[in-house]
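Listed below, chain by chain, are the residues.
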Amino acid sequence: MFRIYNLRVTDVSSPNPPLELLEVAKIIENELALRLEDLNLPQNLAEAAKYAVMNGGKRVRPALTLLCCEAVGGSRKQAMPAAIAVEFIHCFSLVHDDLPAIDDDDLRRGKPTLHIKVGEAMAVLAGDLLLSVAFSQLISEQYSTAQQATLTKILANATSDMVIGQVYDTIGGLPKQLDKHQQLEEIHRNKTGALIQSACEMGAICGGASKDALNAISTFGRANGLMFQIVDDLIDLHGSPEHVGKATGKDEEAGKTTYPGTIGVEASKLAVQELQKQAKSALDLLENDAETLLSFNLWMAHRTR
Ligand code: GRG
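The shown structure was predicted, so the numbers you read here are calculated from the model rather than taken from an experiment. (Residues numbered from 1 in each chain as written. Predicted model: local features only at pLDDT ≥ 70, side-chain atom pairs only at ≥ 80, totals over all residues. Heavy atoms only, no water.)

**Brief notes about the pattern of salt bridges**
Proximity of charged atoms lets side chains of opposite charge pair with each other.
Okay, so step 1: On inspection of all chains with the given rule, the structure shows 13 salt bridges.
Okay, so step 2: For Asp284, the salt bridge is made with Lys280, and the minimal N-O distance between the two is 3.7 Å. Placement of both Asp284 and Lys280 in helix H13 (residues 265-284) is noted, with a separation of four residues, approximately one turn of the helix.
Okay, so step 3: Using a relative accessible area of 51% as the deciding quantity, one classes Asp284 as exposed.
Okay, so step 4: Each member of the salt-bridge network shares a partner with another, and the members are Glu29, Arg59, Glu87 and Arg109. (Salt bridge = Lys/Arg side-chain N within 4 Å of Asp/Glu carboxyl O. Helix = DSSP H or I, 4+ residues; strand = E, 2+ residues; numbered from the N terminus. Buried < 20%, exposed > 50% of the residue type's maximum accessible area, 1.4 Å probe, protein only.)

**What about the layout of surface pockets?**
Okay, so step 1: Each pocket or cavity is described by its volume, and for the second largest pocket that value is around 340 Å³.
Okay, so step 2: Residue lining of the second largest pocket: 16 residues in total, with Leu234, Lys269, Val272, Ala301 and His302 positioned closest to the centre.
Okay, so step 3: Residue assignment for the lining of the second largest pocket shows that the elements contributing at least two residues are helix H9 (211-238), H13 and helix H14 (291-302).
Okay, so step 4: The element that contributes the greatest number of residues to the lining of the second largest pocket is H13, accounting for five residues.
Okay, so step 5: Here the residues of the lining of the second largest pocket are counted per class, giving six nonpolar, seven polar and three charged. (1 Å grid on protein atoms, 1.4 Å probe; cavity = no way out; pocket = protein on both sides within 12 Å on 5 of 7 lines; lining within 4 Å. Points joined across faces, edges and corners; volume = space filled by probe spheres on them. Nonpolar A, V, L, I, M, F, W, Y, C, P; charged D, E, K, R; others polar.)

**Brief notes about unusual backbone geometry**
Okay, so step 1: Positioned with a positive phi, Asn40 is a non-glycine residue whose angle comes to about 55°.
Okay, so step 2: With a phi close to 65°, Arg59 is a non-glycine residue in the positive phi region.
Okay, so step 3: By the secondary structure assignment, Arg59 is in the loop between helix H2 (43-53) and helix H3 (60-71).
Okay, so step 4: Of the residues examined, Arg59 reaches a relative accessible area of 2% and is grouped as buried.

**Some words on the nonpolar core**
It is characteristic of soluble globular proteins that their nonpolar side chains tend to be buried jointly.
Okay, so step 1: Formed by 85 residues in total, the largest nonpolar core has its most connected members in Ile217 and Leu293.
Okay, so step 2: Residues contacting Ile217, with those up to four places away along its chain left out, are Cys68, Ala71, Val72, Cys200, Glu201, Ala204, Leu283, Leu286 and Leu293. (Core = buried A, V, L, I, M, F, W, Y, C linked by side-chain atoms within 4.5 Å. Contact = heavy atoms within 4.5 Å.)

**Some words on the confidence of the model for the protein chain**
Okay, so step 1: Counting all residues, the mean pLDDT for the protein chain is 91, and 94% of those residues have values of 70 or more.
Okay, so step 2: Between residues 1-12, whose pLDDT stays under 50, and residues either more than four places distant or in other chains, the model counts 30 contacts. (pLDDT = per-residue confidence, 0-100.)

**Structural notes on H3**
Okay, so step 1: The first and last C-alpha atoms of H3 sit 16 Å apart over 12 residues, in line with the 16 Å expected at 1.5 Å per residue.
Okay, so step 2: Across the 12 residues of H3, 11 count as buried, placing the element largely inside the fold.
Okay, so step 3: Those residues of H3 that fall on the buried side of the exposure criterion are Val60, Arg61, Pro62, Ala63, Leu64, Thr65, Leu66, Leu67, Cys68, Cys69 and Ala71.
Okay, so step 4: Residues of H3 that are buried make contact with helix H1 (19-37), helix H4 (76-98), helix H8 (180-206), H9 and H14.
Okay, so step 5: A positive phi of about 100° marks Gly73, the residue just after H3. (Expected span 1.5 Å × (residues − 1).)

Here you go:
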């Protein structure tokens, strides 16, 4: 056992996040379950939504929201509604991404995907539901009207960027003037990076961040978001479905534009290191202690699923 940025960790390349972060994920899980119950849905839709959300996700995005709020001097509690909102959006995106019309996946988080479990129509509808109830989380009395408006704008923009990224990735339409490397970055920053960046920025807004602190968190989130997808590309290339909990090797099979496919495995690993350093430098600009957030970022650079 050794310490990284003050957290006790058994191994940086452990598939599981540091212990303290597993605890954060557990608190988020409890809150997700409560928020779903509060929706008062017909039983079949409630079961589908629960299956889509309460199924062993790592809770990376909501954990970032809580930790970014804390890193600008707020409390984790202040950031909870925004954290739930971003995880609902993420779960919606996974459900729709897995559909036969898009990625056509049978396995997600180690279990049959939602459309395999309940059929395509219900999976589409449960995804739609999660997309809408995500935004109602932001209309929370915990937030001022100005905060509600800012949070809504950040999450709506990130969600539409994610859809744009998915269109680029699966259908095409990238701006023609971009070279191969720029195309790659454009896909990744939209498809995955935007939502992760928004998770961080929303945390900062919930914590009442100053302009400088919000800028620092935004830079952190941007680097962290791109890094996350490059690591995901490497996992898709090298991971086993049993370990990762979803089909792997699919990017290459589908001829997708990936980092390792475009710049090679070693250069992709270097890009991860570089982005991790950029994320760390951004946190150095904060007045508050961001050690937990930094530890999380480090684990994200080394994760294996
Ligand atoms: C609007 C029809 C329609 C579809 C939306 C936008 C979209 C489809 C899909 C989003 C694109 C997507 C799935 C990007 C991949 C992002 C990614 C790496 C997901 C896995 O995230 P993890 O590892 O998953 O955090 P867990 O299971 O831990 O939550």
